[in-house]
Structure formats: structure tokens, C-alpha cells
Amino acid sequence: MEYLLNNLSAILKRTYEHLYIVSISLIISMILGIIIGILISRDKKIASIILKIISILFTIPSLSLFGILISILSPFKLGIGKFPAIIALIIYTLLPITRNTYTAIMSIDKGVIESAKGMGMNRGEIIRKIIFPLSIPLLMAGIRNSFVLGIGVGTISFLIGAGGLGYYIFEGIERSNNNMIFTGVVTISLLSIFINYSLYFIEHSLTPKGVRK
Amino acid sequence: MIEFINLSKKFKEKYAVKNLNLTFNDGEISVLIGPSGCGKTTTLKMINRLIEPTEGNIKINGKSIFDFDEISLRRSMGYVIQEIGLFPHYTIYKNISIVPELLKWEKEKIDKRVNELMDLINLPRTYLNRYPKELSGGEKQRIGVARALASDPEILLMDEPFGAIDPINRKSLQDFFVELQKTLKKTVIFVTHDILEAIKIGDRIGVMKDGEMIQFDKPQEILKRPKNKFVEELLGVNRNILRLTLSKVLDFVKKDFRIINKDEVEEIKNFNNFLYIIKNENNYDGFILKKDFEKGRECIREIVFINENENLLDTIILLLSKGEKIAVIKCIERGIMGYVELNDLIKVFEKEEYELSN
């Protein structure tokens, strides 16, 4: 506890660094994931192929993925640091977002879309007034999962020189400093819990009343 | 008026709808019926261009549907489907006002119209703030009909609208829709696979098979003179019985009755009428026949009430199931209008059969 209080400003700096890497990757992965999700919702066959590829990427253990990225990116002198960490985080967070976007669109009642079309809504109106609001709950859940997942993987990315809260855990293990390990674990856990609940709150308030459980 | 001119639709190389030439009259319900895959839904969806015709044309009041842009064409017609398709994230109010909103009506005009429609479909205005999931299936479909009527379109397209509703609610929705049409006089194209429904609500029935129109005629004509074996089979073995649904009980009403008060039962001396209905304040206790009068109170029978629009078939079934021979016609506005006897109704059935065999 004392260690934690004495190093508060350093911890906050590393928390900021951690959140920075995770947020950048999450924003990119949201843009990619939502676009891919919308595009593959037009064709079930293509959707299952794309989702399979993304799932395979998702199952690669994070340490191996860093290894792979180092060997691919080293020739460009980008093998270590924040850049490969962000790439890895994008790869990991892409699956929950893409899959949830796709599932959200596919789970909208066909009758709702059909009657919207039949009543004379154009494509833009259908997306804005129906698909988007009805997809919000699942889409937000995907983003929430991704964010929490990203915080976890972001810890490991300390190993390739990306900084962040992983420092306290890995350095703590190295130096057999329990205070450091404790600090790292507590901060990361609190961060995850905080992010999870605030996003859950946003998700709930964005969910249209008529479709709330 | 909707006209089909050499209308065809091909999916890949196969005709889903083949060379239709028809005219749907204004203010009539035209029902399209046939087995699944016969092209009835495809035909319906070509009218609002949810499916584009491959060949031929559709004219609405003389104007080709290709002269409209498809969005404004669809906004000018009501559309009701089996899945109902209410928007789950919209209140009932917002659901009903979708088309007026798209047409950019003023707020007051929409308000007035929505309230008017709730009265029309006989649902309380308190429902307007609710969400679709809080309503029953039958209520949702009424809202679906109201939504389609919101901008008061001339044409209403209905694709098996009552198909997913349980039989009891389906019957009441059909009754409701027939009543509604009496005042609205819309030009309705109605797709179904239920022959009873078609006969009950259709002014005209079009029987389709493999994309072709086999017979397009009034229900009476189709029942009397099915064009070929296919139509006959569609109508089933009980074709004669089905014809009973076309006659209304009101044509067989007898008025030889008197309404008496409960305490008058013993006092009446002159039995002039065939039937006496016993009134108890605002309710009716039962009825008693002239021939049973001296036997006294134990001969008071429970009344089987029917409404004035009931058809013969439903009345006969009701009487048989209750083990009664007399049904009393009660109209909400005008009270008791008379009674019908089972024997009279069955005699008609024999006559109908006689006509058919000739």
C-alpha cells in the first residue's frame, strides 16, 4: 500500500500509457470491425469465412503473436515498441466487435426490415432508424468485451517495450518485489472493472426502451 | 384501379409469375390464394416494387408503377405482413406515425390521425405509450393494420396478415377487418392460403397455381363453378358447406317474439308470439317458447346470442355445439333484432346442395 501511494504519479502515468495503447487499438478495431460486420452481413458464406479467419487469429496465444509480429516487423525497424503492441491489440479486439456487429444485424427480425422497406423507407432511413438503434445493445457489448480483453493483453505488451501497467507485474517478478506485483495487479483489475461497468452503464442507457430486457 | 398487363416475373430461368392480365376493382378486397410457391406473394410484392417485374406492367389508376419512384410508390400504399413487423424500439404511437412522419406531416395532424386510428381499430389510447412487446399477437396485428392505414392510402397490400395468429383471434381479426372495410372501402389485395379466410373476406378470389391465374371470380362463382379439378380440390370436399359462409343469418330472421320482464312470466295470458325473451334489468335471463308456456319456469332456456353479421355456417356450428335450436340475433346498437331457427338454416343447406347438383 505504501509503495502504491509513494509511486502514485508514476502509476498514473503508466495507467495513462496503458489506456492510450488500448484505446488507440480499440478505436481502429471498432472502425474496422463495424465496417467488416456490416459488409459480411450481406452474404452468409463470406461471413462465415471471414469470421473463421478472425477467430483463428484470435486463438493465437498473445506471446506467440508478439513473436510473430517481431519477426515480421523487424525488417522495417518496427519490431518492438508501441506499434506492434497496437497491431496485436487490434487483432485481438477485432473478433468480439466484428462478430457482435454481424450477429446484431442478423438478429434483427426480417419482418421489421421488410415492413420498413414496404412502407417506403430508403436504405439510409432503414440503417439510421432501425438497424442502428436495434444493433446498439449487442454492438456495445462487443466493444465492452474488447476493451476489457485489450486491457489484459495490453499488460503483456510491456514485454515488447510498449510500456503500460505490465511494468509493475513483470518488473516485480524479476525483482521479487511483491509490492510492485501487488500494485500492478490491483491497478489493472480496478481499471478493468471500472471500464467494464462504465461501458455497461452506457450500453444500458443507449439501449432503446422497447427492447430492454 | 390496379391493372396487370402481361405481368411476369422470372427468377433465373423459371417463371414465378406468368403472364397475368387482371383488373382489381376499387373498393374491393381481392384475395390471392394458392399453395406455397404459386406466386401469390411475388405478385403482391410486384405492386409496390419490392420485387421488380421481369415483363409486363402494372398500372394504378392508369399510371404505370414505373413512372413513380419506388419510395414514393410504397409510401402511397399500405403494407401489412404476416410477421407484423412493428418496430420493437418504437412506441405504438411512433409505429403508427411512421409513414406520416416520412411524408413530413405536421405534428397536430399526426396526433389527430393516430388517435382517430386507435378508435377505428378499437384499442384504448393508453396503448400509445406502450411498446410492441407489451401487446398480444392480435393487438399487434391491429396496430399493423392501423399503421398501414395511417396516411389513408387508397390501396392496401396484405400478405397473409392473420396467418400467424391463433384460430380464435384470427376469426375476430377477420370479422374486424370485414367491418372496417365496410366504412373504409379501400382497394385491398390480400394474400392467404386459407380458403375459409378467402371466402369470408374476399369480394373476389384469384386462385393461383405455378405462377398462373387459374380462376379470378366472385366467391359464389368459384364455389358454384370451380374452373377445374385443381380449384375443386383447393375448395375441398366441403365445398357445399363453405357456401353457407356466404349467407348471412339476417336473411333468415324471424320477428315473432316479445321481450317481457322477469316478473311478467306468470302474468301473461294470451300467448300470441312464438317466443318470449325474458329480460332482467339490463340482462337477458333466457327465453321461453309459446308451446312450453304452461309448463312454467323450468322451461326457460338459455339464449344463444349471435351478432347480426354472423354467417350461416358459424351459426349452425354454434347451435349444434350448444345443443340448441334457436339463436337470438343481438346487435350492439339496436338490441335484439329477432331469432333464427336451426331447421330453417339446415333447409337452406339442402337447397344449396340441390342447386349444385344441377
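Because the structure is a prediction, the values reported are computed rather than measured.

Q: Would you explain the overall build of chain A in this entry?
A: Along chain A, the regular secondary structure elements total nine helices and zero strands. Sequence-ordered secondary structure for chain A, helices as α and strands as β, is α-α-α-α-α-α-α-α-α. Overall size of chain A, expressed as C-alpha extent along the three principal axes, is 70 × 40 × 20 Å. When each of the 213 residues of chain A is scored for burial, the buried share is 36%.

Q: Sorry, what's going on with helix α5 (residues 82-106) of chain A here?
A: Given 3.6 residues to a turn, an α-helix orients residues that are three or four positions apart in the same direction. All names here are of chain A. Here α5 contains 25 residues, and its C-alpha end-to-end distance of 36 Å stays within 8% of the 36 Å for a straight helix at 1.5 Å per residue. The largest bend in α5 is about 35°, located at L94, with the proline P96 one to four residues further on. Counted residue by residue, α5 has 19 buried out of 25 residues, so it is predominantly covered.

Q: Sorry, what's going on with the interface of chain B and chain A here?
A: How big an interface is tends to be expressed through the accessible area that disappears when the partners come together. Listed by partner, the interface residues are 21 residues for chain B and 19 residues for chain A. For the side of chain B that touches chain A, the secondary-structure elements that each account for two or more residues are α2 (70-75), β6 (77-81) and α4 (98-102) of chain B. Counting residues per element, the side of chain B that touches chain A draws most heavily on α2(B), which supplies four residues. Grouping the amino acids of the side of chain B that touches chain A by side-chain chemistry returns 13 nonpolar, four polar and four charged.

Q: Help me out: how do you make sense of unusual backbone geometry in this one?
A: Most peptide bonds adopt trans geometry, and most residues besides glycine take a negative phi value. Residue and element names in this part refer to chain B. The phi angle at K104 is positive, at roughly 60°, despite the residue not being glycine. Within the secondary structure, K104 is located in the loop between α4 and α5 (107-120). Of the residues examined, K104 has 6 C-beta atoms within 10 Å and is grouped as exposed. Look at E160: it is not a glycine, yet its phi comes out positive at around 45°. Here E160 is to be found in the loop between β7 (155-159) and α7 (167-184). For E160, a count of 19 C-beta atoms within 10 Å gives the class partly exposed.

Q: How do you make sense of the pairing of strand β13 (residues 283-289) of chain B when you look at a structure like this?
A: Residues and elements named next belong to chain B. Alignment of strand β12 (residues 275-280) against β13, held across six bridges, turns out to be antiparallel. Within β13, the residue paired with I278 across the bridge is G286. Counting the residues in the hairpin turn of β12 and β13 gives two residues, including E281, whose phi is positive at 55°.

Q: Quick question: what am I supposed to make of the sheet that holds strand β16 (residues 335-341) of chain B here?
A: Either a parallel or an antiparallel arrangement is found when strands of a sheet pair, and the pairing is made through backbone hydrogen bonds. All names here are of chain B. In spatial order, the strands read β14-β15-β16; together these three strands make up an open sheet with mixed pairing. Two strands lie at the open edges of the sheet, namely β14 (304-306) and β16, each paired on one side alone. Neighbour-to-neighbour, the strand axes of the sheet open up by a mean angle of 35°, direction not taken into account. Of the pairings in the sheet, the one linking β14 to strand β15 (residues 326-331) comprises three bridges and is parallel in character. Paired with I306 across the bridge in β15 is I329. Relative to β14, helix α12 (residues 312-322) is tilted by about 165°, and along the sheet it contacts β14, β15 and β16.

Criteria and cut-off values
Residues numbered from 1 in each chain as written. Chains lettered and ligands numbered in written order. Predicted model: local features only at pLDDT ≥ 70, side-chain atom pairs only at ≥ 80, totals over all residues. Helix = DSSP H or I, 4+ residues; strand = E, 2+ residues; numbered from the N terminus. Buried ≥ 20, exposed ≤ 12 C-beta atoms within 10 Å, placed from the backbone. Expected span 1.5 Å × (residues − 1). Bend = angle between axes of the 7 residues up to and from the residue. Contact = placed C-beta atoms within 7 Å. Nonpolar A, V, L, I, M, F, W, Y, C, P; charged D, E, K, R; others polar. Pairing = 2+ DSSP bridges. Axes fitted to C-alpha atoms, helices over the stretch in contact; angles between N-to-C directions.

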